[in-house]
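Observations on the model geometry
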Amino acid sequence: MYYRFAALYFITYVIALPLLCWDMRYSMYFRYDVMTDRQKHLDRAIEENQQRIAEAEEYLRKHGPRHRVFRRLNLMVLKRVQPQIVITVVTIARQPQNGVNKHRYLTQVVTQFAELLEHEEAADVVFQVCNVNVPPEAHHEAVFLSKYIPIVQRESNEYFYPRWLTDTLLDHRPAQEQTEEEDPFEREKLDYIFCLEKSVELNPEYVLMVEDDALPTPNILHVLRHKLQYRLKLRIRQGEFVHHSDDWAFLKLYDIERLQGYGNDARSFIELTGAGLLGGTAFLLILQRRGHKTQRRVVIFALGFVYVVLLCWAIGRQYFLQLRRFSAQLYTVTTGPFCCTPAVVYPVKMAAEIAAFLKTGTCDERYPLDFALSDFAIDKGLTRYKVEPNLVLHVGLVSSIRADVRDPLE
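This structure is a prediction, so every number in the text was calculated from the model and none was measured.

Take the overall build of the chain next. Within the chain, the regular secondary structure consists of 12 helices and 13 strands. Contacts in the chain between residues at least 24 apart in sequence constitute 76% of all its contacts with a sequence separation of at least 6. As displayed, the chain offers around 20600 Å² of accessible surface, 56% of which is attributable to carbon and sulfur atoms.

Across soluble globular proteins, you tend to see nonpolar side chains buried next to one another. Counting residues in each nonpolar core, the largest one holds 55 residues, and the members touching the most others are Phe 127, Ile 149, Leu 251 and Leu 253. Sorting elements by how many residues they give to this core places helix H4 (residues 105-120) first, with 8 residues. Grouped together as the second largest cluster of nonpolar side chains are 28 residues, Cys 130, Val 132, Leu 369 and Ala 372 included.

The final tally for this structure, using the stated rule, is 15 aromatic pairs. An angle of 80° between the planes, with centres 6.4 Å apart, marks the rings of Tyr 59 and Phe 70 as edge-to-face. Residue Tyr 59 is found in helix H2 (residues 34-63), and its partner Phe 70 is found in helix H3 (residues 68-78); the two are separated by 11 residues along the sequence. For the pair formed by Tyr 59 and Phe 70, the shared burial category is buried. Here Phe 357 and Phe 376 contribute two aromatic rings whose centre-to-centre distance is 5.5 Å and whose plane-to-plane angle is 65°, an arrangement assigned as edge-to-face. Linking Phe 357 in helix H11 (residues 348-358) with Phe 376 in helix H12 (residues 369-380), this pair joins segments that are 19 residues apart in sequence. Overall, Phe 357 belongs to the partly exposed group, its relative accessible area being 22%. The class of Phe 376 is buried, set by a relative accessible area of 0%. Put simply, the rings of Phe 5, Tyr 9, Tyr 13, Phe 283 and Tyr 307 pair up and form one aromatic cluster. The ring of Phe 338 is capped by Arg 384, whose NZ or CZ atom sits 4.4 Å from the centre of that ring.

Here Asn 390 is to be found in the loop between strand S12 (383-388) and strand S13 (392-394). Reaching out from Asn 390, the side chain makes a polar contact with the backbone nitrogen of Asp 255 at a distance of 2.9 Å. Residue contacts for Asn 390: discarding those within four places in its chain leaves Thr 217, Leu 253, Tyr 254, Asp 255, Glu 257, Gln 260 and Arg 325.

Before going further, it helps to examine unusual backbone geometry. For residues that are not glycine, phi is negative in most cases, and the peptide bond is trans in most cases. At the junction of Val 134 and Pro 135, the peptide bond is cis and its omega measures out at -5° in the coordinates. Position of Pro 135 relative to the elements: it lies in the loop between strand S2 (125-131) and helix H5 (140-145). Cis geometry is adopted by the peptide bond preceding Pro 389, which originates at Glu 388 and carries an omega value of -5°. Checked against the element boundaries, Pro 389 lands in the loop between S12 and S13. Of note in the backbone geometry, Asn 203 takes a positive phi value of approximately 55° without being a glycine. With respect to the helices and strands, the residue Asn 203 is situated in the loop between helix H6 (184-200) and strand S5 (206-211). The class of Asn 203 is partly exposed, set by a relative accessible area of 41%.

This paragraph deals with the confidence of the model for the chain. Per-residue pLDDT for the chain averages 86, and the proportion of residues at 70 or more is 84%. Here residues 167-179 scores under 50 on pLDDT; set against residues more than four positions off or in separate chains, the count is 28 contacts.

How each quantity is defined
Residues numbered from 1 in each chain as written. Predicted model: local features only at pLDDT ≥ 70, side-chain atom pairs only at ≥ 80, totals over all residues. Heavy atoms only, no water. Helix = DSSP H or I, 4+ residues; strand = E, 2+ residues; numbered from the N terminus. Contact = heavy atoms within 4.5 Å. Areas by Shrake-Rupley, 256 points an atom, 1.4 Å probe, with all protein chains shown as cover. Core = buried A, V, L, I, M, F, W, Y, C linked by side-chain atoms within 4.5 Å. Buried < 20%, exposed > 50% of the residue type's maximum accessible area, 1.4 Å probe, protein only. Phe/Tyr/Trp six-rings, centres within 6.5 Å; stacked < 30°, edge-to-face > 60°. Lys NZ or Arg CZ within 6 Å of the ring centre and 35° of its normal. Polar contact = N/O pair within 3.5 Å; in protein donor to acceptor, adjacent residues only side chain to side chain. pLDDT = per-residue confidence, 0-100.

Okay, here's the thing in structure tokens:
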């Protein structure tokens, strides 16, 4: 029996997995040489970005500014329809960096959301773009997209709609003064406050703030509604669903994937242990024979437990998380991290309080926006949540704050 186990372990971990997992970035078998492989992966990421740009431009070409989906998105903001969710994409122009010139992240995000809202025909979702570039007209991509979708600009504090829809400009308030010396992290915070407040003005139940390089997954709205309704709004008490007060600050729809592996938190350790127990039980059911002594059964169980634990660890938790995408019920809501703001959902009451809280402090490189958001939750005694697996894909290679190109494997 032990020879068979030894052969199984050898074939799995010495032959099969190295051949299957060598190019899987979160696998134990993935090898990455910064000097030789970084450019290869960067070129692949740029190629994938160009393909998404082509698909987005084709979508805009086929539909046109007067298509019903764009008409509906503009009219819902113009008429101040009270929605369940306001989706606000915060955008700023990016400068070319190290050969990465044609970004068009905003175009990709806008067309992805437009396609989702077109198929859903959701009457309870308002979509807008918040252009915080200074000056706003220098963000050429946002100016072009203003023919299709409603865009609010921080510099002028105005909504711009397609000319065919209306020539009316809303909310003529003085522009906020900007200083050239303003810290980019503080500027990011002030931009976020402005876009958050413009979202709250539409009086939704929830605000979804999205960065302009965070692509939504196809089922983002379905999963989000399910988790808001059955995980955060309603709780099970004594076997029945009951309405629960808002005791949470925000729900993050993205976490850094390399931090989602086994061993990064207690929950992943419990998952790994559970997988091992199932594996040990399966081995015992398959291999045990009548007359086997207890000691032999324990050995079989232990070998099966170790085999499955090593298998999961070697492949990577990130890949097993993808199995949860088959159903909204399989997505999990857990305690959220301190970092990352590519896509965050706020209850509207908390959004207003967070905007006020952020005005009381100053952000810098050592204390960025995501840390300030977490401090709000801690100060108020509120829970931070995140959804697993991620509901957005962070595709930005060029940072809107730092003058560098992000490692595509981060």
